[in-house]
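# Fold and geometry: a report
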Amino acid sequence: MASSTSSCDSTAVPFTLLGALLTAGPAAWPACVGGGRAFLRDYAQRGTNALLWAVLLAVTWVLLLRVAALLRLWALGSRIPGPRALLADPGLADVLRTGGDITGFLSKLHSSYGPVVRLWVGPSQLLVSVKDPTLVKEVLTKAEDKLPLTGRTYNLACGRLSLFVSSFEKVKSTRESLKIFLNEKLTIGGNLNSFKVIDAIMYRSDSIMSKDFLDSRSFSWHMAFNIIGATLFGDAFLDWSDTVTYEELLMMVAKDGCFWASYAVCPFWKPSYRRYQTLCAKLKILTESIIRKSRDQNSSVHHFDQRSYQKSEGMMAGHSLLGAAEESLSSEEEICGNIMGLMLHGISTSANLIGNILTRLIVFPKLQDQLHAEIVAACNESSELEVDDVLRMRFLLATVCESARLLPAGPLLQRCSLKHDLTLGSGITVPAGAILVVPLNLVQMDASVWGNDAGQFNPHRFLKKDIVLGDILAAPSGSNGMNLSTDCAKTESFLPFGSGSRACVGQKFVILAISMFIASLLREYEVQPHPSLSKEVGSKVDSSHFHHLPNSKIILTKRMI
Ligand code: HEM
């Protein structure tokens, strides 16, 4: 017994496969090993053990990194002022669950803890709210990324795209080429026809406007859809037979996008999710079709990609579709995704602002009279409304800005810095990955900046000496926003279009386009509330609850000219 096992020296078994190959083979191994089979069994055992160890070490390493990142997040997070609650703030959870007033909630916290407040959304999610104008500017410049949820929402609806996604690196060059495209539209004298689309839309919409009454929300959506569509696709859009289907699809996709993107894992098993995907696929097919049509008509779709940016000088001269044939399939996909993203974002935000202005027109009849008087005076009896005419309508521009100030598209501007910590001038360090928010209503209605009537609708505040309304239309040369006022705090507290590295690229264009639309509308029509609405409107006129007004029914009455 001893003799057979003692002669069985396990070290004689080659430890690796290479070792086995380099020896003379199983014949050279001790007889006790039992030949090749024993070797393979042993080899497999050792191999499996080694693999398991490697996996264990890798998992431990990843977990250690994760724990270290969490400890760091907790350490840095706890240095920022905020409520004591550990790991998930119950107050915030309540507001999020019940869809309550997040602005009111943050307002209380800011008055207790100062201009920067932190809250735990979950054990690994930190939310930091910033309210002070100077800090807001710093945050919006330094925090270059969008929340991953924003990127997921657009990816889900539009497929591959290089706008609106989380990482700044990915959107940088597309933002630049889009800026050039939209600036061309703004260059007065360079392209006077840019806003002629509004005349065409008004003409086409005459039949809609002659209805007994209109639902303000759908009317605003319809107008925004036509303005943005005609801007991106040119004349091809105006005689496209699929516009009705396209408009409906866009509305449905915009409505549900955020909900489905909030799932960490796409719920493929849910029929309603699959229906949503089908809608997105149909939307994509129609977008591709209008892009093709627009190209065929040599219209105004630009290529928002790096190569087109390099060629943009050629495009600006009018050859907008040069190079279309050379584009690879992937960049075609991206162009389509970007255009879908612009349609979704541009229409929903513009519709919100148009609807907001229409409601103000019916709530304040004097506002309408004053605007109409200005429009008539500025039009110089010319039959067609020109961009130059609208530039003279300072009260109209002020009305659009004041409406945007009081009722922004969403309650919070959201940013993050995915890779780097942010060290603010005030000495506070916000760890990488934290959700940074700016509560727009608090900043844009701050009485210390806007005066005691900050919560009231008063377009005249935009006509004061310190406001530079002309900058709304100056093409931005490298800057990311408008230099609205000589008073920096005001410029930094006017954020309906964001500011800094991810500011809205369409802001100047859209203010002018909406002003042009309102001028064209009021020139020909009077906007009145439906009788069923008058009472309700009357009781809520002077209140900050303006946004709780029901979807207004409006009547458009043709003016006697
Ligand atoms: C009233 C209408 C609009 C409002 C209120 C609005 C508002 C905004 C806001 C708040 C942001 C985020 C800013 C930030 O994080 O600092 C944004 C981004 C953006 N907007 Fe708008 N927007 C409007 C219309 C448009 C239009 C018409 C276009 C183009 C056709 C456009 C193109 C963009 C782009 C490209 C971005 C940035 C995307 C990125 O960096 O990934 N917007 N907009």
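Residues numbered from 1 in each chain as written. Predicted model: local features only at pLDDT ≥ 70, side-chain atom pairs only at ≥ 80, totals over all residues. Heavy atoms only, no water.

Under an unreviewed UniProt entry, the name given to the chain is Cytochrome P450, and the source organism is Panicum hallii var. hallii. Heading Cofactor (unreviewed entry) of the UniProt record for the chain holds this comment: "heme". (UniProt positions renumbered as here; feature names shortened; annotations may be inferred.)

## With respect to the packing of helix 17 (residues 365-378) against helix 23 (residues 507-524)
Helix packing for two helices is described by the angle between their axes and how far apart those axes are. Contact pair helix 17 / helix 23: the axes reach a minimum separation of 9 Å and the direction vectors enclose 95 degrees. One element, helix 17, and the other, helix 23, form an angle in the roughly perpendicular class. In contact with Gln 368, Leu 371, His 372 and Ile 375 of helix 17, helix 23 contributes Ile 518, Ala 519, Leu 522 and Arg 523. The residue inventory of the contact of helix 17 with helix 23, partitioned by class, reads five nonpolar, two polar and one charged. (Axes fitted to C-alpha atoms, helices over the stretch in contact; angles between N-to-C directions. Helix = DSSP H or I, 4+ residues; strand = E, 2+ residues; numbered from the N terminus. Parallel < 35°, antiparallel > 145°, perpendicular 65-115°, else oblique. Contact = heavy atoms within 4.5 Å. Nonpolar A, V, L, I, M, F, W, Y, C, P; charged D, E, K, R; others polar.)

## What to know about the coordination of the iron atom of the ligand
At 2.1 to 2.3 Å from the iron atom of the ligand lie its protein donor atoms, namely His 345 (NE2) and Cys 504 (SG). Metal-centred angles of 87 to 179 degrees between the six donor atoms at the iron atom of the ligand mark the site as octahedral. Of this pair, His 345 sits in helix 16 (residues 329-363) while Cys 504 sits in the loop between helix 22 (488-492) and helix 23; the two residues are 159 residues apart in sequence, bridging distant segments of the chain. Under the relative-accessibility criterion, His 345 is labelled partly exposed at 25%. (Donors = N, O, S within 2.8 Å, 3.2 Å for Na, K, Ca; no water. Tetrahedral: all angles 85-135°; square planar, octahedral: opposite > 155°, others 65-115°. Buried < 20%, exposed > 50% of the residue type's maximum accessible area, 1.4 Å probe, protein only.)

## Some points on a nonpolar patch on the surface
A contiguous nonpolar surface patch, about 370 Å² in accessible area, is contributed by Leu 51, Val 55, Val 59 and Leu 63. Along the polypeptide, Val 59 turns up in helix 3 (residues 35-79). (Patch = residues over 30% accessible without salt bridge, like charges linked within 9 Å, V, L, I, M, F, W, Y side chains within 5 Å. Areas by Shrake-Rupley, 256 points an atom, 1.4 Å probe, with all protein chains shown as cover. Salt bridge = Lys/Arg side-chain N within 4 Å of Asp/Glu carboxyl O.)

## Here's the deal with the UniProt feature "transmembrane region" (unreviewed entry) in the chain
UniProt tags residues 50-74 as "transmembrane region" (unreviewed entry). A helix fraction of 100% and a strand fraction of 0% characterise residues 50-74, whose end C-alpha atoms lie 36 Å from each other.

## Digging into the packing of aromatic side chains
By the definition in use, this model includes 16 aromatic pairs. With centroids separated by 5.1 Å and ring planes inclined at 70 degrees, the aromatic side chains of Trp 240 and Tyr 246 adopt a geometry described as edge-to-face. An identical accessibility class is assigned to Trp 240 and Tyr 246; each is buried. Among the aromatic residues, those joined into a ring-pair cluster are Phe 225, Phe 233, Phe 237, Trp 240 and Tyr 246. (Phe/Tyr/Trp six-rings, centres within 6.5 Å; stacked < 30°, edge-to-face > 60°.)

## Here's the deal with helix 13 (residues 271-296)
A rise of 1.5 Å per residue sets the reference length of helix 13, with its 26 residues, at 38 Å; its end C-alpha atoms lie 38 Å apart and thus fit the reference within 8%. When we look at burial in helix 13, the residues that qualify are Tyr 273, Tyr 276, Leu 279, Cys 280, Leu 283, Leu 286, Thr 287, Ser 289, Ile 290, Ile 291, Ser 294 and Arg 295. (Expected span 1.5 Å × (residues − 1).)

## Describing the site of the ligand
The environment of the ligand is formed by 25 residues, the closest being Lys 146, Arg 175, His 345, Arg 415 and Cys 504. One of the side-chain N or O atoms of His 345 is found 2.8 Å from a nitrogen atom in the ligand. Within the side chain of Arg 502, a nitrogen or oxygen atom sits 2.8 Å from an oxygen atom of the ligand. Among the secondary structure elements, those contributing two or more residues to the shell around the ligand are helix 8 (168-186), helix 16 and strand 4 (412-415). The leading source of residues in the shell around the ligand is helix 16, at six residues. (Near = heavy atom within 4 Å. Polar contact = N/O pair within 3.5 Å; in protein donor to acceptor, adjacent residues only side chain to side chain.)

## What about the sheet that holds strand 3 (residues 214-215)?
Strand order across the open sheet formed by three strands is 3-9-8, with antiparallel pairing between neighbours. If you trace the sheet from one side to the other, it starts and ends with strand 3 and strand 8 (525-529), each paired once. (Pairing = 2+ DSSP bridges.)

## Looking at the pattern of salt bridges
Counting across every chain of the model gives 15 salt bridges. Put simply, Glu 138 and Lys 142 hold a salt bridge, and the shortest N to O gap is 2.7 Å. Of the two residues, Glu 138 and Lys 142 both sit in helix 6 (residues 133-142), four residues apart, roughly one turn of that helix. Sharing partners across several salt bridges, the network here consists of Glu 402, Arg 405, Asp 453 and Arg 461.

## Describing the nonpolar core
Where a protein is soluble and globular, its nonpolar side chains tend to be buried together. Grouped together as the largest cluster of nonpolar side chains are 104 residues, with contacts concentrated most on Phe 219, Tyr 246, Met 343, Phe 517 and Leu 521. The next biggest cluster of nonpolar side chains, apart from the first, holds 23 residues, and it includes Val 139, Ala 143, Ala 434 and Leu 495. (Core = buried A, V, L, I, M, F, W, Y, C linked by side-chain atoms within 4.5 Å.)

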